[in-house]
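Chain and residue survey
Single-letter residue listing:
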Amino acid sequence: MKDQKTLAYINLFAILGALPYLCDLDKKSAQLIENASVSVGFAVKGGPAATLFFGGGRCRMAPGTDRCQVKLPFSSCGKFNGLIDGTVTPIPTKGITKAGFLMGPFTKLTDRLTTFLRPAPGALDDPEFFRISTTLMFHVIAEAAAQIANEDPIGQCSAASIVDGTAKLSIQDGPGAALRCRNHRLLTVHSAPEKFLSYMEFENMHVARDLFDGKLNAIAAVGLGQVRIGGMISQIDNINRILDRVAVYLA
């Protein structure tokens, strides 16, 4: 069962939070916003708030909406989740004159993100599409893990048993991330850490993709050496439990 508040945090920080990586990885996406200079804030009552900054073909996200030029308010987490699934159309309370960006480049950019995160049959046969899609999925999953650990009641139970320190998640010859735990809350840093208490490394992008898509059993993959774990095993074990919840929310 999905908690609407947790889902809102995932939708904002993991799904929309993947837009910066999309623009870095995909030239067509960068071209959609190459002439943009605008910031869009999302303010969810009782939930998350963050701003996406667009400029010169690049994108970045920062928490809060204090510096946004366009502000999209949502009266509940459910309403914001409706934006992501296409059932809610928000009305800006700030920056209405820049609504053209929302209807044009922003919508095209989010549509392109959906193309990579929910690929059509056969799309992954293209090596470049596969690389971009799998890298984006890695970042989404790494970020979603932190949001579930912090907001989801079941995830919080697992986080309560995680000792302070950094866990490294990575794909060999691919992207890496750090899950930093402090006082049983997780923060995702989207680059591989130099120092870490535990680690989980996927053998290659294809192994990672099969795990992401549920085509490969994680325990079997560890046994076959396709996924390597080490360090503080109790830490990585509880993170694995949280990753199981990620699959529920992203399904």
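In this report, we go over the structure that sits alongside the text. (Residues numbered from 1 in each chain as written. Predicted model: local features only at pLDDT ≥ 70, side-chain atom pairs only at ≥ 80, totals over all residues. Heavy atoms only, no water.)

**Brief notes about the layout of surface pockets**
One simple way to see leftover space: roll a probe sized like a water molecule over the atoms. Rules: Using a 1 Å grid laid over the protein atoms alone, points where a 1.4 Å probe fits but cannot get out form a cavity; open sets with protein on both sides within 12 Å along at least 5 of 7 lines form a pocket; any residue with an atom within 4 Å of a point counts as lining. Grid points are joined across faces, edges and corners, and a volume is the space filled by probe spheres set on the points. Secondary structure elements follow DSSP: runs of H or I of four or more residues count as helices, runs of E of two or more count as strands, with numbering from the N terminus.
The calculated volume of the second largest pocket comes to roughly 230 Å³. What lines the second largest pocket is a set of 13 residues, and nearest its centre among them are Phe13, Tyr21, Glu143, Thr188 and His190. Contributions of two or more residues to the lining of the second largest pocket are made by helix H2 (19-25), helix H6 (127-151) and strand S7 (185-189). The greatest single-element share of the lining of the second largest pocket, amounting to four residues, is contributed by H6.

**Considerations on the sheet that holds strand S8 (residues 198-202)**
What counts here: In this analysis, strands are considered paired if DSSP registers two or more bridges between them. Every axis in this analysis is a line fitted to C-alpha atoms, fitted for helices over the stretch in contact. Angles between the N-to-C directions lie between 0 and 180 degrees. Between two residues, a contact is recorded if the distance between any of their heavy atoms is within 4.5 Å.
Ordered in space as S7-S6-S5-S8-S9, the five strands form an open sheet in which the pairing is mixed. Because the sheet does not close on itself, it has two edges, and the strands there are S7 and strand S9 (227-231). Pairs of neighbouring strands in the sheet enclose a mean axial angle of 15°, with direction left out of account. The sheet contact formed by strand S5 (residues 165-171) and strand S6 (residues 176-182) spans six bridges and is antiparallel. If you follow leucine 169 over to S6, its bridge partner there is alanine 177. Together, S5, S8 and S9 form the strand contacts of helix H8 (residues 205-212), whose direction differs from that of S8 by roughly 100°.

**Observations regarding helix H4 (residues 77-85)**
What counts here: Burial here depends on accessible area, computed with a 1.4 Å probe over protein chains only, as a share of the maximum for the residue type. Under 20% is buried, over 50% is exposed, and the range in between is partly exposed.
For H4, the full list of buried residues reads Cys77, Phe80, Asn81 and Gly82. Its buried side turned inward, H4 meets helix H1 (4-15), strand S1 (37-44) and strand S4 (70-74). Within two residues after H4, glycine 86 carries a phi angle of roughly 85°, on the positive side.

**A short note on the packing of aromatic side chains**
Applicable threshold: Put simply, two rings from Phe, Tyr or Trp (the six-membered ring, in Trp's case) pair if the centres are within 6.5 Å, and we call them stacked under 30 degrees between planes, edge-to-face over 60, tilted for the rest.
Applying the stated criterion across every chain yields a total of 10 aromatic pairs. With 6.1 Å between their ring centres and 80° between their planes, phenylalanine 54 and phenylalanine 106 make a pair best called edge-to-face. On the criterion of sequence distance, the pair formed by phenylalanine 54 in strand S2 (residues 49-55) and phenylalanine 106 in helix H5 (residues 99-117) is long-range, its members being 52 residues apart. Just as phenylalanine 54 is buried, phenylalanine 106 falls in that class too.

**Observations concerning the state of the cysteines**
Using the following cut-off: What counts as a disulfide here is a pair of cysteine sulfur atoms lying within 2.5 Å.
For the structure on display, the rule yields zero disulfides. Sulfur of cysteine 68: no disulfide; nearest cysteine sulfur belongs to cysteine 59 and is 14 Å away. Residue classification places cysteine 68 among the buried positions, given a relative accessible area of 3%. For the unlinked cysteine cysteine 77, the closest cysteine sulfur is that of cysteine 68, found at 18 Å.

**A closer look at the pattern of salt bridges**
For clarity, the threshold we go by: A carboxyl oxygen of Asp or Glu within 4 Å of a side-chain nitrogen of Lys or Arg is what we treat as a salt bridge.
Within this structure, the stated rule accounts for nine salt bridges. Notably, a salt bridge pairs glutamate 151 with arginine 185, separated by 4.0 Å at the nearest N-O pair. Of this pair, glutamate 151 sits in helix H6 while arginine 185 is found in strand S7, placing the two residues 34 residues apart along the sequence. Using a relative accessible area of 45% as the deciding quantity, one classes arginine 185 as partly exposed.

**Examining the sheet that holds S1**
Pairing is mixed across the open sheet formed by four strands, whose spatial order is S3-S2-S1-S4. What marks the edges here is a single partner per strand, and that holds for strand S3 (58-63) and S4. Each strand of the sheet is rotated relative to its neighbour by a mean of 15°, with strand direction disregarded. Strand direction decides the pairing type here: S1 and S4, joined by five bridges, are parallel. Along S4, the bridge assignment pairs valine 44 with phenylalanine 74. Strands S1 and S4 of the sheet are contacted by H4, whose axis makes an angle of about 140° with S1.

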